[in-house]
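Here are the chains, one letter per residue:
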Amino acid sequence: MELNNTVIVTGGAGFIGSNFVLEWLRREGGQVVTLDKLTYAGNLGNLASVDQDPRHLFVHGDICDDELVAGLFETHRPRAILHFAAESHVDRSIKNPGEFVRTNVVGTLNLLKNACAYWKSLDAEGQRQFRFLHVSTDEVYGSLGPDDPAFTELTPYAPNSPYAASKAGSDHLVRAYHHTFGLPTLTTNCSNNYGPFQFPEKLIPLVLLNALEGKALPVYGDGKNVRDWLHVQDHCSGIRCVLEKGAPGETYNIGGRSEMKNIDVVTAICDILDELRPDAKIGARRSLITYVTDRPGHDRRYAIDATRIEAELGWTPQMRFAEGIRKTIEWYLSNMSWVDGVRSGAYQEWLHQNYRGR
Ligand code: NAD
Ligand code: TYD
């Protein structure tokens, strides 16, 4: 039986997944089926611009639901599944690791199991075409010292947070499904993303919104932890590139070659906001910076060596941080109704839990 020109996207109502779905529908033909549980981090408002698009189908459900996932493969006969769904916030994984194992490890296993059964049922041409693309993180590699070389695909795994450990577990299962069963998998390990629709518990939108309102800007520890920032559009273009050209069973690191200390990210946001939204009552927003108690086990530095995807698949990032952060700030300023929508009671409760006593 023929494969349809359909892709299943898990976690498509979250930050990166929704950017991916919107961009895919703008660029590619065919159908998209989004499967999302709509946890606190999932928001159908992210997909509002495609809710009338006949090429998009939203399915509300859990990746751990065996029957539901089996039914999606059987009904839609996709050419690929792109797996974004995850619990994704390190601070939450410190407070509640069990949920991370359930979704990130058990949920990924359920997808692999059902994808594999579906793939085995295909004819030779269908089996050749099908892909399982697993979206993962650079955090599986652990923390770097100041002069260590950046992570390559050969860097040994050394996850340090429950989040990173659960993502590492999912990566290993993906590898095993290729090695043991021949499932044509692809894994991408990407650095920190930023851009539209990011839930405001992560550093960049949290600082941006606090700074806008004249609230304290919590910087963990000495503010010198380093992250490698990539605009979400560049991450999505990297994923499309790997899906199209990546070799089954392989992994590809995706990163922006844009390492920055947290404090430099925070001051950049302050300065752009002072320019775009000066406020005499608040004054210079840098004065809002507040050093708070560090995150337990806080990784010092992440950096991605993206040589492989650049050299073998011809991908390069398009957006430099200075341009990307300005555009991101402009997006949030123009979309305050989205912000109001996601700052629910549950969000306020999280802020209270995470920052009380820091
Ligand atoms: P997010 O938290 O914004 O979105 C996750 C989405 O998954 C939400 O829509 C949520 O409702 C959904 N979800 C959670 N549990 C589910 C379940 N059991 N069943 C179905 N849906 C479920 O996360 P994000 O930042 O968009 O990250 C997406 C993926 O990219 C994750 O796998 C993450 O590990 C990876 N990643 C993220 C970054 C980053 O900087 N944000 C960097 C590299 C890799
Ligand atoms: P975050 O956005 O949570 O991403 P990750 O932990 O996956 O890298 O945090 C990015 C960096 O910012 C990280 O070093 C922790 C730091 N951070 C703060 O200093 N203050 C904050 O309030 C938050 C949420 C993060």
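See the structure printed just above.
Here goes a summary of the coordinates provided.

Examining the pairing of strand β1 (residues 6-10)
- Most of β1 is tucked away: 5 of the 5 residues are buried.
- Residues of β1 alternate between two faces, with Thr6, Ile8 and Thr10 on one and Val7 and Val9 on the opposite face, all of them buried.
- Sheet analysis places β1 next to strand β2 (residues 31-36), joined by 5 bridges and oriented parallel. Bridge pairing in β2 links Val7 to Val32.

Examining the sheet that holds strand β9 (residues 226-231)
- If you walk across this open sheet you meet the 3 strands as β7-β9-β11, and the pairing is mixed. The open sheet has two edge strands, β7 (192-194) and β11 (259-261), and neither has a second partner. For this sheet, the mean angle separating the axes of adjacent strands, direction not counted, is 50 degrees.
- Strand direction decides the pairing type here: β9 and β11, joined by 3 bridges, are antiparallel.

Considerations on the sheet that holds strand β5 (residues 131-137)
- Spatial ordering of the open sheet is given by β3-β2-β1-β4-β5-β6-β10, a layout of 7 strands whose pairing is parallel. Where the open sheet ends on each side, the last strands, each with one partner, are β3 (56-60) and β10 (250-254). Within the sheet, the average angular offset between the axes of one strand and its neighbour, ignoring direction, is 20 degrees.
- Relative to strand β4 (residues 80-83), β1 is paired through 4 bridges, and the arrangement is parallel. Following the sheet pairing, Thr10 is matched in β4 by His83.
- The strands touched by helix α6 (residues 162-181) are β5 and β6 (185-190); relative to β5, the strand with the most contacts, the crossing angle is about 155 degrees.

Analysis parameters
Residues numbered from 1 in each chain as written. Chains lettered and ligands numbered in written order. Predicted model: local features only at pLDDT ≥ 70, side-chain atom pairs only at ≥ 80, totals over all residues. Heavy atoms only, no water. Buried < 20%, exposed > 50% of the residue type's maximum accessible area, 1.4 Å probe, protein only. Helix = DSSP H or I, 4+ residues; strand = E, 2+ residues; numbered from the N terminus. Pairing = 2+ DSSP bridges. Axes fitted to C-alpha atoms, helices over the stretch in contact; angles between N-to-C directions. Contact = heavy atoms within 4.5 Å.

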